[in-house]
Amino acid sequence: MSRALLHTLLTLCLSSWGLAQEKATRTCRILFLGAPPDAARTIFLHDGTQAREVELPRMNLSDVYPLPTGPLTLRLLEKAPIDGAPIATGAPQVTVDEATKELYLLISVDPENKVTPLRMQVINANSDSFAKGQMMWYNLSSNRVGGQVGSQKLAMDPKSRVILDAPAKGNADYNVNLSYYIPGREALYPLCETKWHHDPKARGIYFIVNHPGSRTPRVMGFPD
């Protein structure tokens, strides 16, 4: 084999490898928040090119799933589509813009959807805006919530989001003391008083949600 031919083959191999790496630069992790006991444990996620079966974890983030780059429309399907057949009209879908390279896909129940009774929300988790050691908080409840999270102050209106810097330095425990307001009342009610552990190599995503049968909201956290 001539040197010129060998060089050409090597160049083609490297180009193919680089293209594969570029296509795998978008990642997704999934969380099924507030899932009822009888809800599905897996679902098919269609990314416009292919459908793969993905897990729907309740108490942790899923494994990392690769997604194609560029603008996407994601759909949830209860069954894998037949080759060449159109995607079921009305299936839950959400768009992902080209700039979102890392994302969390938040799944929740939607009984009004008769095709697949679920809905999706994309949470941008790009590392340039959500770094290791930081905390992303979503207040999905109807309550105002505030307090101290380690060295950081937290103050959130209902249906709001905030990113906090690291609550402690290094691998260390820190105090968490949160309270909430009930709409229409001036009194402050205790929500959470505990210790958590900070891992500077991990990010954390936290949700404050209304808890069925209770006026006290619930705090749920998931490390990444």
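Everything below is about the structure printed above this text.
Residues numbered from 1 in each chain as written. Predicted model: local features only at pLDDT ≥ 70, side-chain atom pairs only at ≥ 80, totals over all residues. Heavy atoms only, no water.

Each helix and strand in the protein was counted, giving one helix and 16 strands. Put simply, the protein has 224 residues, and 38% of those count as buried. The contacts in the protein between residues at least 6 apart in sequence include a share of 59% that link residues at least 24 apart. (Helix = DSSP H or I, 4+ residues; strand = E, 2+ residues; numbered from the N terminus. Buried < 20%, exposed > 50% of the residue type's maximum accessible area, 1.4 Å probe, protein only. Contact = heavy atoms within 4.5 Å.)

Another aspect to go through is the packing of aromatic side chains. For the coordinates displayed, the defined rule picks out seven aromatic pairs. A cation sits over an aromatic face here: R144 above Y181, 4.1 Å from the ring centre. (Phe/Tyr/Trp six-rings, centres within 6.5 Å; stacked < 30°, edge-to-face > 60°. Lys NZ or Arg CZ within 6 Å of the ring centre and 35° of its normal.)

Read across the open sheet, the four strands follow the order 4-1-7-8; overall the sheet is mixed. With partners counted over all chains shown, the strands left at the sheet margins are strand 4 (65–67) and strand 8 (118–124), one partner each. The mean angle between the axes of side-by-side strands here comes to 35 degrees, regardless of whether they run parallel or antiparallel. As judged from the seven bridges shared by strand 7 (residues 102–109) and strand 8, these two strands associate in the antiparallel manner. Residue pairing in the sheet places L103 in a bridge with N124 of strand 8. (Pairing = 2+ DSSP bridges. Axes fitted to C-alpha atoms, helices over the stretch in contact; angles between N-to-C directions.)

A separate point is the sheet that holds strand 5 (residues 72–77). Read from one edge of the open sheet, four strands run 3-2-5-6, paired in antiparallel fashion. Bordering the open sheet on either side are strand 3 (51–55) and strand 6 (93–96), each of which pairs with just one other strand. Between one strand axis and the next, the sheet turns by 30 degrees as a mean value, whatever way the strands run.

Empty space within the largest pocket amounts to approximately 490 Å³. As for the largest pocket, its lining consists of 20 residues, of which L33, G34, L140, V209 and N210 are closest to the centre. Those elements giving two or more residues to the lining of the largest pocket turn out to be strand 7, strand 8 and strand 16 (218–223). Of the residues contributing to the lining of the largest pocket, the split by class is 11 nonpolar, five polar and four charged. Forming the walls of the second largest pocket are 15 residues, and the residues nearest its centre are H197, D199, G204, Y206 and P223. Looking at the lining of the second largest pocket, the elements with two or more residues in it are strand 14 (188–198), strand 15 (204–209) and strand 16. Residues of the lining of the second largest pocket, tallied by class, amount to seven nonpolar, six polar and two charged. (1 Å grid on protein atoms, 1.4 Å probe; cavity = no way out; pocket = protein on both sides within 12 Å on 5 of 7 lines; lining within 4 Å. Points joined across faces, edges and corners; volume = space filled by probe spheres on them. Nonpolar A, V, L, I, M, F, W, Y, C, P; charged D, E, K, R; others polar.)

Take the pairing of strand 10 (residues 144–149) next. With six bridges connecting them, strand 10 and strand 13 (residues 172–181) associate as antiparallel partners. Across the sheet, Q148 pairs through a bridge with N177, a residue of strand 13. Where strand 10 meets strand 11 (residues 152–156), five bridges bridge the pair, whose relative direction is antiparallel. Looking at strand 11, one finds that V145 is bridged to M156. Between the antiparallel neighbours strand 10 and strand 11 lie two residues, among them G150 with a positive phi of about 60 degrees.

Geometric descriptors of this kind do not, in isolation, establish any biological role.
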